[in-house]
Amino acid sequence: MSILTCGFTGYRPSKLPKEPDKLEEVKRNIAKQIDLAISAGYKHFISGFALGSDLYFAEEVLKAKKKHPHIILEAAIACETQSSRWSESDRGCYFDLLIRCDIKTYINYEYHPNCYLERNDYIISQANRLICVYDGKRGGTMYTVNRAKEKGIEIFIIKPTL
């Protein structure tokens, strides 16, 4: 029997709530969906490691790993330079989380215009379930949700309250 894999997609900071209490609600909902996935037998979790929701997902999986050490966190990284233009504090958070991942998968070594979509395609190709922070806005999250629908993957949507 293969390991059940849960992928994640979600918004970057510009599409997430600015109010701390609403952002904490998004994080709580991500944690709740991770707990539900673990209860359903999911052991492998994949994050695209972009700023915002992806990193929150990784943080919550690592918190869940304290109670469930058997689960696996994979970072699916679009390209090696993904974080090169981020602020120092964002890069610090990124590398702190990255070093704690069980698996690091680099989809591309160099940036090119489709590398993020290729990363999203990789996540969908591996996933049996998709958790997403999504409310219908156009972009990479919409692309990934639509790809998951085409593949018939279970989708669990967390709508951010702005």
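Use the structure listed above.
Each chain carries its own residue numbering, running from 1 in the written order of its sequence. Only residues with pLDDT of at least 70 are given local features in this predicted model, and only at 80 or more are side-chain atom pairs given and counted; all residues enter the totals for whole chains, interfaces and linings. Values shown for side chains rest on all heavy atoms present in the structure; no hydrogens or waters enter the calculation.

Engineer: With reference to specific residues and values, describe the overall build of the protein.
Structural biologist: Here a strand is any run of E in DSSP of at least two residues, a helix any run of H or I of at least four, and the numbering for each starts at the N terminus. A tally of helices and strands in the protein yields five helices and six strands. Of the regular secondary structure in the protein, the N- to C-terminal order runs β-α-β-α-β-α-β-α-β-α-β. For the protein, the spread of C-alpha atoms along the three principal axes comes to 40 × 35 × 35 Å. Working definition: with a 1.4 Å probe on protein chains only, accessible area under 20% of the residue-type maximum means buried, over 50% means exposed, and in between means partly exposed. Each of the 162 residues in the protein was classed as buried or not, and the buried ones make up 46%. The criterion used for residue contact is that any of the two residues' heavy atoms lie within 4.5 Å. Contacts in the protein between residues far apart in sequence, at least 24 positions, make up 78% of those at least 6 positions apart. Accessible area of the protein: about 8,300 Å², with a carbon and sulfur share of 51%. Positive and negative charge centroids in the protein, built from 24 and 20 side chains respectively, lie 4 Å apart. In this description, accessible areas are obtained by the Shrake-Rupley approach with a 1.4 Å probe, and a residue is regarded as covered only by the protein chains that are shown. When charges are counted, Lys and Arg are positive and Asp and Glu negative, with His and the chain ends excluded. By convention, the point assigned to a charge is CZ for Arg, NZ for Lys, CD for Glu and CG for Asp.

Engineer: Explain the packing of aromatic side chains to me, and be specific about the residues and the numbers.
Structural biologist: Pairing of aromatic rings covers Phe, Tyr and Trp, the last counted by its six-membered ring, and requires centre-to-centre distances within 6.5 Å; plane angles under 30 degrees mean stacked, over 60 mean edge-to-face, and any other angle means tilted. Counted according to the given criterion, the structure contains eight aromatic pairs. The interplanar angle of 15° and the centroid separation of 4.5 Å between the aromatic rings of Phe8 and Phe57 together place this pair among those described as stacked. Of this pair, Phe8 sits in strand β1 (residues 4-9) while Phe57 is found in helix α2 (residues 53-67), placing the two residues 49 residues apart along the sequence. You can call Phe8 buried: its relative accessible area is 1%. Judged by relative accessible area, which is 0%, Phe57 ranks as buried. Members of the aromatic cluster, joined through ring pairs, are Phe49, Trp86, Tyr94 and Phe95.

Engineer: Talk me through the packing of helix α4 (residues 115-126) against helix α5 (residues 140-151); I want residue IDs and the actual numbers.
Structural biologist: Direction vectors running N to C along α4 and α5 enclose 30°, while the axes themselves pass 10 Å from each other. With respect to their mutual orientation, α4 and α5 come out roughly parallel. The handedness of the crossing between α4 and α5 is right-handed. Contacts between α4 and α5 involve Leu117, Asn120, Asp121, Ile124, Ser125 and Gln126 from the first element and Gly140, Tyr143, Thr144, Arg147, Ala148 and Lys151 from the second. Whenever a helix is involved, its axis is fitted only over the stretch in contact; in every case the axis is a line through C-alpha atoms, and angles between N-to-C directions fall within 0 to 180 degrees. Roughly parallel refers to an angle under 35 degrees, roughly antiparallel to one over 145, roughly perpendicular to one between 65 and 115, and oblique to any angle outside these ranges. Here a crossing is taken to be left-handed if its near helix is turned anticlockwise relative to the far helix by less than a right angle, and right-handed if that turn runs clockwise.

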